[in-house]
Amino acid sequence: MRSDLVGRPGRYQIGERLGVGGSAEVFAVTDVDLGRLAAMKILHADVAADAGYVTMFLAEARLTAALEHPNVLPVHDLGRDLDGRLYFIMKRVEGISLEEAIAASTPQQRHALIADINDVVTVFIAVGQALAFAHARGVRHHDVKPGNLMLGRFGEAMLADWGSAEDSPEPRIASHGTPLYASPEQLRGEPVDARSDLYGLGATLFDALLLRPPLPPTDMDPRELLRRKSQGEMLPPNATERRSVPSALLAIALKALAAHPGGRYADAPSMVADLRAFQAGLAVAAHPQSLPIRAVRWLRRHARAVVAVTVVTSLVVALLLALIGERLKERATWGTPVFEERFAAGWSERWSIVHGGFAEVAGGLRSTAPRRNILACAQRCDGDTAIEIVARVETDAVLGDLAIGWARAPIRTAEDVTYRCATGEWDGCVSAIKHDDQYVARNEALRQVRGHAYRVRMEVVGDRMTLYVDGRAACSYVAPFPLTGGYFALFAYDPGKIFESVAVFPLGVPARLPATALGDVFVASADYPRAIDEYARVSTSHPRTALGEQALMRSGMCRLRLGDAAGARRDFAGLLESGMVLRAALELAHRAAPEDDDSFVSACEKIRPQADGEVVDRMAQYWCERMMRRMGRAPADVLLRYLDLQRRLLPDHSLARSLGADAARSIGRFTEIIEHYGEQPPVVDALIALGRAEEALERFGDRPIYERWLMKRMGRFEECRRKNRSLAAGEPSWCMVEEGRAEEALLLGEHHASLLLAAGRFAEAARATTDPDMACRIALFAGPGLTAHDDPSLLFATRITAFMARRQLTEASALAPAINSLREWPRLLAGVRAARAGDLAGASAHFAADDALAYHQQKFTFGHFVIAPFIRALLSGEDQAVSESCHRALALNRYADQQRPWYRANYLLGRCDRATFLAQPHRCFAPAELLLLEAMRHDLVDADAAADGYRDYLALPRHLRESDIDPVLEEFAEW
């Protein structure tokens, strides 16, 4: 290269080549005009005319120039040489890259630039500051690695090569990066945020400390390396490596290397703060320290002051030691395991399969059945207990629950499991604690990874249950009374979950039990009067103390269990501690008047500004309990009031947000769901209800549980089987019923009530359920053999279904507005009845509805698109009414109502024959519908043939006509 061809002739004198990349190379240059050394990056000749490379090169130059920070390599000039090749001039650092320094180091002798741990920390503080500066301006580097950290001879540390960087406020997919240092989500091709750069910084720090990357390639196949890296795997430091590096500094690197972004530092300043704290000898957030270590740190910093007061404090120390000795008697510690299981020979003597199935595999037990796999242990746990399992999801299995179940009594059926601590729910996105299958605590920050061996731990201490995942607290629940003492089980949803080991740890019994212990024993046996007496003794003996407050609170709770609200108020009146006072007010508002919405809402509004932590969690829990009782059983205005309360007082509480989305869906607030509830499952239904099914599939199709749900709603059963063959082999019944193959599904071993009902086995279905709503539906089909009750405690949807089945139109119409998805059903029946009476105007008024309701109304599309226009054609001579309605149905998204309107319209228009109609995806009720459609075709030309068709339809068993008894179709056929 000739120097006179670059920039102004003669300005830059070209020296040696410093480096070469895929599209550019870097040369040492001398800036003659300014008399300084610099570096020039210039495009290769073979890509200089490529518009894509030119655009990226310009973007790199301009973005780097805009990041004016001491630790970002500055850009001085930008231009083209006489051959048209772009170049830019950068500062030249007299030194080497961190990659070169690491390569020149050994454990015995490190390179001079990183010879000391303090030197390394100084470098990473500087680079962390550069990243913080860039992130504050919306710029992500995407390729932080040792080769891009430049180290100068005089302490300079610069982050270079911003060619992969992106300037965007929103997370985006990063198309570049170095696999050894790129974050797992970047390698998986997912949108990444600034925490992806922190992973790269952590991997680079790890390399600088241990002189190897987190997952060395060795002789590993590149595809296997990429797979393991994309799952967040790393080779943990061995004992020798750990001894070579301060534990607090290594903890900083490991925190930045968390597989899921939620486990890393929130931002670059947080990581820099920990590095500065380490350098200053202070405690590091990523490395919690024991009290003795913190004391030593404090003494080192305050040595002079300590010496000055040593004599004065010696007596105080002696007294404190005596007091601590007494306190230790009241405290217990986790002991060694009292029960361990690795599922070797004979394991079945200690465990029983309660539901589903488990098979022995190398290294543990594998779940084999769909829906639920429950393995109960015969071991009883007395007192406070921790149960820890090591479990993983097979690499080709569906992400899902790895859970521990808990109950006071031995677990013999699935319903016996009272509590469940699970990680991996909802396609690996939710960790949660459930009580009677309802969420009481929830965390969406953790993301499950296939193949990773998770350490899942459930601790039950007094009234608190805590779920830990890989040593991190995921969520916690505080029950009204102690939970301790009981039995446990292992739980897995879907096949392919491997349980490797189980250990049970007791919390050693303290030498001195708390004074409330006897009252707690009475509570455990539901002997509330005796518990109240015991708590009264404690509160009287320990007035104005934490122990006395606890006794008063528990006494009041016992009185609420007995329905004595006045007595509970008297107990709560003695409380002084603010948190206890707030909790007492919440308990009274919730438990003393469970149906009084005004009192509960008012109490929450008063309590929330002063509450935090446990009180807020309990408020969210009680909000959920009340909302669950009201969903489907209360008018929409009541649910709207509770939704307003959640959005104002609990907007970010995961537990309340999840149920809030469900509640909004139940009353048809679809747009609000999309606006307020982000990635919650009801968003899928909301998009479908708004006619945006393909958008829902695009957004959520990478998560199997959502994809299955969407495919079912769209009638795309065969396609779902092709994409999820492992699922189709394990859980076919949900789509086989829709395809009219209920009996075939029963042969595969599934015998739940809804499947038995679809197969017409009503007596068996009734025995298979304890759900009153399902029992009512079964009874309606079974006829005289079973009785269907209109119980006010049933869901509105169930009651509407029962009223409609019994042709009680007035009662059904009164309830219908409360259930958005069924509100049109009674109107269709009223329209048929008006038509039978010869009232065409009345029929038309009842039939008037928007076609778009087809996306979210049940029992709607046949009556709206077929019966209503047919009646107009029959009574008023509108010959084109049916044809016009069919064309409107075809204008809908094909996937509305599982494609059923689309096939009906094509059949009535003569565009498909009987065989094609019967072969549609939703084949369950296609034969019955075909009888009706053929009869309607005959009705305008051959009354006798039509009558035979209608009789054939009515002769079919009701469970072969529709999923619920539909009087709209029945009364039309009878007419």
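Residues numbered from 1 in each chain as written. Predicted model: local features only at pLDDT ≥ 70, side-chain atom pairs only at ≥ 80, totals over all residues. Heavy atoms only, no water.

### With respect to the overall build of the protein
For step 1, the next point in the chain: Looking only at helices and strands, the protein has 43 helices and 27 strands in total.
For step 2, the next point in the chain: Its C-alpha atoms put the protein at 105 × 90 × 60 Å along the principal axes.
For step 3, the next point in the chain: Out of the 975 residues in the protein, the part that is buried amounts to 51%.
For step 4, the next point in the chain: Nonlocal contacts in the protein, meaning residues at least 24 apart in sequence, comprise 57% of its contacts between residues at least 6 apart.
For step 5, the next point in the chain: Total accessible area on the protein is roughly 43,300 Å²; 53% of this is exposed by carbon and sulfur atoms.
For step 6, the next point in the chain: One way to put it: in the protein the 115 positive side-chain charges average out to a point 4 Å from where the 126 negative ones average out. (Helix = DSSP H or I, 4+ residues; strand = E, 2+ residues; numbered from the N terminus. Buried < 20%, exposed > 50% of the residue type's maximum accessible area, 1.4 Å probe, protein only. Contact = heavy atoms within 4.5 Å. Areas by Shrake-Rupley, 256 points an atom, 1.4 Å probe, with all protein chains shown as cover. Lys, Arg positive; Asp, Glu negative; His and termini not counted. Charge placed at Lys NZ, Arg CZ, Asp CG, Glu CD.)

### Considering the pattern of salt bridges
For step 1, the next point in the chain: Counted according to the given criterion, the structure contains 77 salt bridges.
For step 2, the next point in the chain: A salt bridge links E595 to R630; the shortest N-O distance between them is 3.6 Å. With E595 in the loop between helix 17 (578-592) and helix 18 (597-607) and R630 in helix 19 (residues 614-630), the pair connects residues that are 35 residues apart, well separated along the chain.
For step 3, the next point in the chain: Notably, a salt bridge pairs E672 with R647, separated by 3.1 Å at the nearest N-O pair. Taken together, the residues span a long stretch of sequence, with E672 in helix 22 (residues 670-676) and R647 in helix 20 (residues 636-649) at a distance of 25 residues.
For step 4, the next point in the chain: Here the salt bridges share partners, and the residues they tie into one network are R807, R833, R836, R958, R961, E970, E971 and E974. (Salt bridge = Lys/Arg side-chain N within 4 Å of Asp/Glu carboxyl O.)

### A word on the pairing of strand 27 (residues 497-506)
For step 1, the next point in the chain: Across the 10 residues that make up strand 27, a large majority, 8, are buried.
For step 2, the next point in the chain: Note: strand 13 (residues 339-341) against strand 27, 3 bridges, orientation antiparallel. If you follow E340 over to strand 27, its bridge partner there is A503.
For step 3, the next point in the chain: The pairing of strand 16 (residues 364-367) with strand 27 spans 2 bridges and is classified as antiparallel. Across the sheet, the residue bridging to R366 is I498, located in strand 27.
For step 4, the next point in the chain: The sheet contact formed by strand 18 (residues 385-393) and strand 27 spans 9 bridges and is antiparallel. If you follow R392 over to strand 27, its bridge partner there is I498. (Pairing = 2+ DSSP bridges.)

### Concerning the sheet that holds strand 22 (residues 438-443)
For step 1, the next point in the chain: Read across the sheet, 7 strands follow the order 14-17-26-19-20-21-22 without closing on themselves; strand pairing throughout is antiparallel. Edge positions in the sheet fall to strand 14 (351-355) and strand 22, since each of these pairs with one other strand and no more. This sheet shows a mean twist of 20° between the axes of neighbouring strands, independent of strand direction.
For step 2, the next point in the chain: Bridge count for strand 14 against strand 17 (residues 373-377) is 4 bridges, and the pairing is antiparallel. The partner of H355 across the bridge, within strand 17, is I374. (Axes fitted to C-alpha atoms, helices over the stretch in contact; angles between N-to-C directions.)

### Observations concerning the environment of A889
For step 1, the next point in the chain: Here A889 lies in helix 38 (residues 881-891).
For step 2, the next point in the chain: Residue A889 is classed as buried on the basis of its relative accessible area, which comes to 5%.
For step 3, the next point in the chain: Residues A889 and D644, spaced 245 residues apart in sequence, show a C-alpha to C-alpha distance of 37 Å.

### Some remarks on helix 23 (residues 682-689)
For step 1, the next point in the chain: With 8 of 8 residues buried, helix 23 lies mostly within the body of the structure.
For step 2, the next point in the chain: Looking at the packing, one finds that the buried side of helix 23 touches helix 21 (654-666), helix 22, helix 24 (693-700) and helix 25 (704-714).
For step 3, the next point in the chain: G691, located one to two residues past helix 23, shows a positive phi value of around 75°.

### Topic: the environment of H111
For step 1, the next point in the chain: Along the chain, H111 falls in the loop between helix 2 (98-103) and helix 3 (117-136).
For step 2, the next point in the chain: Owing to a relative accessible area of 23%, H111 belongs among the partly exposed residues under this scheme.
For step 3, the next point in the chain: It is 5.6 Å that separates the C-alpha atoms of H111 and A101, two residues lying 10 residues apart in sequence.
For step 4, the next point in the chain: Among all residues touching H111, those that are not within four sequence positions of it are I96, A101, A104 and S105.

### A look at the layout of surface pockets
For step 1, the next point in the chain: Reported here for the second largest pocket is a volume of approximately 1,500 Å³.
For step 2, the next point in the chain: Taken together, 42 residues line the second largest pocket, and the ones lying closest to its centre are E190, H260, C429, R447 and R703.
For step 3, the next point in the chain: Residue assignment for the lining of the second largest pocket shows that the elements contributing at least two residues are strand 12 (191-192), helix 12 (425-428), strand 22, helix 21, helix 24 and helix 25.
For step 4, the next point in the chain: Per element, the largest residue contribution to the lining of the second largest pocket is 3 residues, and it comes from helix 12.
For step 5, the next point in the chain: Class assignment for the residues of the lining of the second largest pocket results in 16 nonpolar, 10 polar and 16 charged. (1 Å grid on protein atoms, 1.4 Å probe; cavity = no way out; pocket = protein on both sides within 12 Å on 5 of 7 lines; lining within 4 Å. Points joined across faces, edges and corners; volume = space filled by probe spheres on them. Nonpolar A, V, L, I, M, F, W, Y, C, P; charged D, E, K, R; others polar.)

### Describing the packing of helix 16 (residues 565-572) against helix 17
For step 1, the next point in the chain: Direction vectors running N to C along helix 16 and helix 17 enclose 175°, while the axes themselves pass 11 Å from each other. As the angle between them shows, helix 16 and helix 17 are arranged roughly antiparallel. Judged by residue contacts, A565, A568, R569 and F572 of helix 16 engage A584, E587, L588 and A592 from helix 17. (Parallel < 35°, antiparallel > 145°, perpendicular 65-115°, else oblique.)

### Describing the confidence of the model for the protein
For step 1, the next point in the chain: On average, residues of the protein carry a pLDDT of 85, and 91% of them reach 70 or more.
For step 2, the next point in the chain: Long-range and interchain partners of residues 1-6, a stretch whose pLDDT sits below 50, account for 20 contacts in this model, where long-range means more than four residues apart. (pLDDT = per-residue confidence, 0-100.)

### Concerning the nonpolar core
For step 1, the next point in the chain: Among the nonpolar cores identified, the biggest contains 56 residues, and Y950 and F972 are the most heavily contacted of them.
For step 2, the next point in the chain: When sequence neighbours within four positions are dropped, the list of residues in contact with Y950 reads F870, L932, A935, M936, D939, F972 and A973.
For step 3, the next point in the chain: Listed in part, the 55 residues of the second largest apolar core include V72, A165, I252 and A277. (Core = buried A, V, L, I, M, F, W, Y, C linked by side-chain atoms within 4.5 Å.)

### Details of the packing of aromatic side chains
For step 1, the next point in the chain: As enumerated under the stated definition, the model contains 16 aromatic pairs in all.
For step 2, the next point in the chain: For the pair F339 and F488, a centre-to-centre distance of 6.4 Å together with 70° between the ring planes defines the contact as edge-to-face. One end of the pair, F339, is in strand 13; the other, F488, is in strand 26 (residues 487-492), and 149 residues separate them in sequence. Considered together, F339 and F488 belong to a single accessibility category, that of buried residues.
For step 3, the next point in the chain: Cluster of aromatic residues (ring-pair linked, three or more members): F339, F343, W347, W351 and F488.
For step 4, the next point in the chain: The ring of F133 has R137 lying over it, and the distance from NZ or CZ to the ring centre is 3.7 Å.
For step 5, the next point in the chain: Stacked on the ring of Y953, the Lys or Arg R961 has its end atom at 5.3 Å from the ring centre. (Phe/Tyr/Trp six-rings, centres within 6.5 Å; stacked < 30°, edge-to-face > 60°. Lys NZ or Arg CZ within 6 Å of the ring centre and 35° of its normal.)

### Remarks on the pairing of strand 18
For step 1, the next point in the chain: Most of strand 18 sits inside the fold, with 7 of its 9 residues counted as buried.
For step 2, the next point in the chain: Pairing geometry for strand 18 and strand 23 (residues 454-461), over 7 bridges, is antiparallel. Bridging across to strand 23, I389 finds its partner in V456.

### Some words on the sheet that holds strand 2 (residues 24-31)
For step 1, the next point in the chain: Judged by pairing direction, the sheet is antiparallel, and its 5 strands sit side by side in the order 1-2-3-5-4 without closing on themselves. The open sheet has two edge strands with one neighbour each: strand 1 (12-20) and strand 4 (75-80). For this sheet the average axis-to-axis angle between neighbouring strands, irrespective of direction, equals 25°.
For step 2, the next point in the chain: Summarising the sheet, strand 3 (residues 36-43) and strand 5 (residues 86-91) pair through 5 bridges and their orientation is antiparallel. Each residue of the ladder has a partner; that of A39, found in strand 5, is M90.
For step 3, the next point in the chain: Helix 1 (residues 51-66) rests against strand 2, strand 3, strand 4 and strand 5 of the sheet, and its axis sits at about 25° to strand 5.

### Some details on helix 16
For step 1, the next point in the chain: Every buried residue of helix 16 is listed here: A565, G567, A568, D571 and F572. Buried residues of helix 16, seen end-on, are gathered within an arc of 160° and therefore sit on one face of the element.
For step 2, the next point in the chain: Along its buried surface, helix 16 packs onto helix 15 (546-561) and helix 17. (Arc of directions from axis to C-beta.)

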